[in-house]
Amino acid sequence: ATGLFVLRYSRIDVIKHDLTGAEHQSNIERSPADTDYLVAAGNSILILELQGFVFFGTANRVLGRVRESLGPAGRSPRFAILDFRRVTGVDSSAVAIFERVALLARERGVAVVITALGGAETAQFSDLVNSYADVVELHADLDHGLARCEDELLFEAGGREGTEPELPADLPRDLATYLVDRSFAPGDVLMRQGDRSPGIYLIKTGRATVFLEGSDGQRVRLRTLLSGTVLGEISLYRDEPCTATVVADATCEVLHLTPESFARLCRVDFRVAAELHAFVARTLAGRVSHANRAIRALHD
């Protein structure tokens, strides 16, 4: 029975998805320039989503995949993310193999980001995390771990976040006459699910999170928005109540296009309105493209 267990489980691929940061990004919506940079630099992030029961017979595949990805110095990924959301359990013998992964990563200067460990697995990995604290870190889920890697890549690129002008470069300057400067303190609600659309917000500086409110009062984070991004366009264009709640995580300086100003713009200035429509279309197309890359990678 033990032999059959080992044989059968060894045939199951412990790696559910093998992705890079170019194929899958976090739920943080960044400026177009930062998004383009992260896609171009996506191979710096290796993402392995694991599944099933992990023991020595399957953990060796993880070690082999990490070793395969770590090429000559300077060509290795900067981060290796190991996601345990679909893992049902980890054998103590497998932990020893993950220690070899951490040792290999230390030798190559790669950070190992472990996400979504359960309570039992966290205890099993405690010694490894303490022994390799310089290269191993834990995060609650894949989204937060991936966001941490992206932030580091952008920081290494020269602190790109927050460098956008007050209006994205592809918006006309004439639009400024229809916009109002507003400021939201941390915890303020920019829009609430089910309420009338407040219009469009262009975030100049700050950080806001989009939540879906459940009937039981629970909130599910959909995405986080940074400077250079836009929100509120869906409910405004569809003339329907807000589909989600948006809360400021930090002080947000925004440019606000109210529904009344939007209607006046469409009546009075066709050229500027057309450029705004094109900007919103590019924004929505970028989100669809992001989703398509992730779906395509998951089905390859």
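Just so it is clear, the structure is predicted and the values come from calculations on it, not from any experiment. (Residues numbered from 1 in each chain as written. Predicted model: local features only at pLDDT ≥ 70, side-chain atom pairs only at ≥ 80, totals over all residues. Heavy atoms only, no water.)

Chemist: In this structure, what is going on with unusual backbone geometry? I would like to understand it.
Modeler: Peptide bonds are mostly trans, and most non-glycine residues show a negative phi. Even without a glycine there, the phi angle at alanine 116 is positive, about 60 degrees. Along the chain, alanine 116 falls in the loop between strand S5 (111–115) and helix H5 (119–124). Not every positive phi belongs to a glycine, and aspartate 239 is a case in point at roughly 50 degrees. Tracing the backbone shows aspartate 239 in the loop between helix H8 (233–238) and strand S13 (245–248). Of the residues examined, aspartate 239 reaches a relative accessible area of 71% and is grouped as exposed. (Helix = DSSP H or I, 4+ residues; strand = E, 2+ residues; numbered from the N terminus. Buried < 20%, exposed > 50% of the residue type's maximum accessible area, 1.4 Å probe, protein only.)

Chemist: Sorry, what's going on with the packing of aromatic side chains here?
Modeler: Aromatic rings considered in pairs are described by the distance between their centres and by the relative angle of their planes. Taken as a whole and assessed by the stated rule, the structure comprises 7 aromatic pairs. The structure contains a cluster of three or more aromatic residues connected by ring pairs, namely Phe53, Phe55 and Phe56. Across from the ring centre of phenylalanine 79, 4.7 Å away, lies the NZ or CZ of arginine 78, which sits over that ring. (Phe/Tyr/Trp six-rings, centres within 6.5 Å; stacked < 30°, edge-to-face > 60°. Lys NZ or Arg CZ within 6 Å of the ring centre and 35° of its normal.)

Chemist: Even after reading the chapter, I still don't get the nonpolar core, so can you show me in this structure?
Modeler: Here is a general trend for soluble globular proteins: nonpolar side chains tend to be buried in one another's company. The biggest cluster of nonpolar side chains holds 34 residues, and the ones touching the most others in it are Val62, Phe84, Phe98, Phe125 and Val136. Those elements that provide at least two residues to this core are strand S3 (45–54), helix H3 (56–69), strand S4 (79–90), helix H4 (92–108), S5 and helix H6 (126–131). Here this core gets 8 residues from one element, more than from any other, and that element is H4. When near neighbours in sequence (up to four residues on either side) are disregarded, valine 136 contacts Ala102, Val112, Ile114, Leu128 and Val129. In this structure, Leu175, Val230, Phe262 and Val272 belong to the second largest nonpolar core, which totals 17 residues. (Core = buried A, V, L, I, M, F, W, Y, C linked by side-chain atoms within 4.5 Å. Contact = heavy atoms within 4.5 Å.)

Chemist: When you look at the pattern of salt bridges in this model, what are you seeing that I'm missing?
Modeler: Per the stated rule, a full pass over the model turns up 16 salt bridges. Arginine 106 is paired through a salt bridge with aspartate 134; the nearest N and O atoms lie 2.9 Å apart. Residue arginine 106 is found in helix H4, and its partner aspartate 134 is found in the loop between H6 and strand S6 (136–139); the two are separated by 28 residues along the sequence. A relative accessible area of 34% places arginine 106 in the partly exposed class. (Salt bridge = Lys/Arg side-chain N within 4 Å of Asp/Glu carboxyl O.)

Chemist: Mind showing me how you'd approach the sheet that holds S13 here?
Modeler: Picture the strands of a sheet paired through backbone hydrogen bonds; they go either parallel or antiparallel. Pairing within the open sheet is mixed, and its 5 strands lie in the order S2-S11-S10-S13-S8. Looking along the sheet, the strands with just one partner apiece sit at the ends: strand S2 (28–29) and strand S8 (189–191). As paired strands, S8 and S13 are joined by 2 bridges and run antiparallel to one another. Pairing of methionine 191 across the sheet is with valine 246, part of S13. (Pairing = 2+ DSSP bridges.)

Chemist: What is the right way to read the packing of helix H2 (residues 32–40) against helix H7 (residues 142–156) from this model?
Modeler: Helix-helix packing is characterised by the crossing angle of the two axes and by the distance between the axes. Direction vectors running N to C along H2 and H7 enclose 100 degrees, while the axes themselves pass 11 Å from each other. Here H2 is positioned roughly perpendicular relative to H7, judged by the angle of their axes. Residue-level contacts link Asp34, Tyr37 and Leu38 of H2 to Glu150, Leu153 and Leu154 of H7. Of the residues that constitute the contact of H2 with H7, the class distribution is 4 nonpolar, no polar and 2 charged. (Axes fitted to C-alpha atoms, helices over the stretch in contact; angles between N-to-C directions. Parallel < 35°, antiparallel > 145°, perpendicular 65-115°, else oblique. Nonpolar A, V, L, I, M, F, W, Y, C, P; charged D, E, K, R; others polar.)

Chemist: Which parts of the structure should I look at to understand the pairing of S3?
Modeler: Strand residues, when the strand is regular, have side chains that alternate between the two faces of the sheet. Of all 10 residues that make up S3, 7 are buried, and the element is covered over most of its length. Sheet topology places strand S1 (residues 15–20) next to S3; 5 bridges connect them, and they run antiparallel. In the strand pairing of S3, aspartate 18 is matched with leucine 48. In terms of strand pairing, S3 meets S4 through 9 bridges, oriented parallel. Residue isoleucine 47 lies in a different strand from S4, and its bridge partner there is isoleucine 81.

Chemist: Got a minute to help me understand a nonpolar patch on the surface in this structure?
Modeler: A contiguous nonpolar patch, built from Leu212, Val220 and Leu222 and spanning about 230 Å² of accessible area, is present on the exposed surface. Counting through the fold element by element, leucine 222 comes out in strand S11 (residues 219–226). Exposure remark for leucine 222: the relative accessible area of 34% places this residue in the partly exposed category. (Patch = residues over 30% accessible without salt bridge, like charges linked within 9 Å, V, L, I, M, F, W, Y side chains within 5 Å. Areas by Shrake-Rupley, 256 points an atom, 1.4 Å probe, with all protein chains shown as cover.)

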